[in-house]
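# Topology and contacts: notes
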Amino acid sequence: MEYRVTLLGSEQNAPTDSEKSFTVGPDQSLLEAALFQDIALPYGCQSGGCGACRAKLVAGQIHYSYDPPALSEEEKAQGYILLCQAQPRSDLSLQVEERLSSQAIPVRNMPVRVEHKQPLCHDVMQLMLKLPKGEVFEFLPGQYVDFLLRDGRRRSFSIANGPATKGVIELHIRHVPNGDFSDFVFSSMQDRVILRVEGPLGGFYLRPQSDHPILMMAGGTGLAPIKSMLEYMLDQGMHRETHLFWGVRGQRDLYLHETLLEWSQSLPWFDYTPVLSEPASGQPDASSWQGETGYVHEVVARRFPNMQDYDVYMSGPPVMVQAGRDQFLAQGLPVEQLFYDSFDYAFQTWPQQEAPDKHKPGG
């Protein structure tokens, strides 16, 4: 038996402007069936961990093989589901707030050349990838690309530059212990090597049409998609009140600290707060740090006790995203104003603010 899924727009019962429905078998996920039929729905890790494929179930019944970790109890109570894990048990109507159009921004598979690599700190490498001459690579600020490795594996990394930067893709790659790909990047990768990428991917991206002030929370290299959003805002002349909280372990992990400080001093609409979970990490004297300490989501919650009027963007390790999501929803943040990208490598094994690079295990 096949079921029919009807896609609604941002307002209930308003159809989208392209494909309005698709069919799905009882043992297929909604995302799997949609992509097979060229329906461009947002998605990320496809394992239920990142929340990029969140949609609202307006009518019908679905089933999960296991409880997806990226959905909070409050989100479930409000009818939100994850397309990558949900299987139909009836015809469905789904409200997909901003469905990406494959015609507007196509997913590309293309070769790239490593223009150069540069250490940003002790364990983060900046990669600048040069696109083929004449190629146009469009993306939304916050999205990511996959490296397509020769053995069939993928490695996913958020794009760190804004869309206005043409011809290159900037990535921030953390050195993962025993990670084959990050070991290659940090040791033997040479400039001008040719790699293959696919993208843009993911449903985590800036919603510029909103007029709410913005709270951004990043953990570790979760700063990369946030930086892309900020560069887009600068390029577009957007002056929405924006507060960035960046959680890392120690001072040596603040790899773009001076740039963010400069922005916060020169831009009246932008405020930046770094947060250290272990101020003594990598430092001979912990007293040299006079800023915020602890878990970054707790600092955000203390500074902004009422979040009803904010749009919140979170990017980083799952434990940070989950803690922030639960805390912020409890403080009045509407679910539809919460956007996040959970770097679901080694789900519960990473420290609170030390983010892996992205979605796929193995480094």
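Attention here is on the structure that accompanies the text.

### Comments concerning the overall build of the protein chain
- In terms of helices and strands, the protein chain carries seven helices and 19 strands.
- Split into buried and exposed, the 363 residues of the protein chain put 57% on the buried side.
- Relative to all contacts within the protein chain whose residues are 6 or more apart in sequence, the contacts with residues 24 or more apart total 70%.
- Per element, the accessible surface of the protein chain, about 15200 Å² overall, is 48% carbon and sulfur.

### Considering the side chain of E75
- Checked against the element boundaries, E75 lands in helix α2 (residues 73-77).
- According to the relative accessible area criterion, E75 is buried, its value standing at 0%.
- When near neighbours in sequence (up to four residues on either side) are disregarded, E75 contacts R54, A70, Y80, R325, L329, V335 and Y340.

### Details of helix α7 (residues 318-330)
- Taking 1.5 Å as the rise per residue, α7 with 13 residues should run 18 Å; its terminal C-alpha atoms sit 18 Å apart, in good agreement.
- Contact partners of the buried residues in α7: α2, β14 (214-219), α6 (296-303), β18 (311-316) and β19 (338-342).
- Positive phi shows up at G332, right after α7, with a value of about 95°.

### A short note on the packing of α6 against α7
- As a packed pair, α6 and α7 sit with axes 9 Å apart at the nearest point and diverge in direction by 20°. As summarised for this structure, α6 and α7 are arranged roughly parallel, according to the angle between their axes. Considering only the axes of α6 and α7, their crossing is right-handed. On α7, the residues touching V296, H297, V300 and A301 of α6 are M320, A323, G324, Q327 and F328.
- Among the residues forming the contact of α6 with α7, the class breakdown is six nonpolar, three polar and no charged.

What counts, and at which threshold
Residues numbered from 1 in each chain as written. Predicted model: local features only at pLDDT ≥ 70, side-chain atom pairs only at ≥ 80, totals over all residues. Heavy atoms only, no water. Helix = DSSP H or I, 4+ residues; strand = E, 2+ residues; numbered from the N terminus. Buried < 20%, exposed > 50% of the residue type's maximum accessible area, 1.4 Å probe, protein only. Contact = heavy atoms within 4.5 Å. Areas by Shrake-Rupley, 256 points an atom, 1.4 Å probe, with all protein chains shown as cover. Expected span 1.5 Å × (residues − 1). Axes fitted to C-alpha atoms, helices over the stretch in contact; angles between N-to-C directions. Parallel < 35°, antiparallel > 145°, perpendicular 65-115°, else oblique. Left-handed = near helix turned anticlockwise from the far one by under 90°. Nonpolar A, V, L, I, M, F, W, Y, C, P; charged D, E, K, R; others polar.

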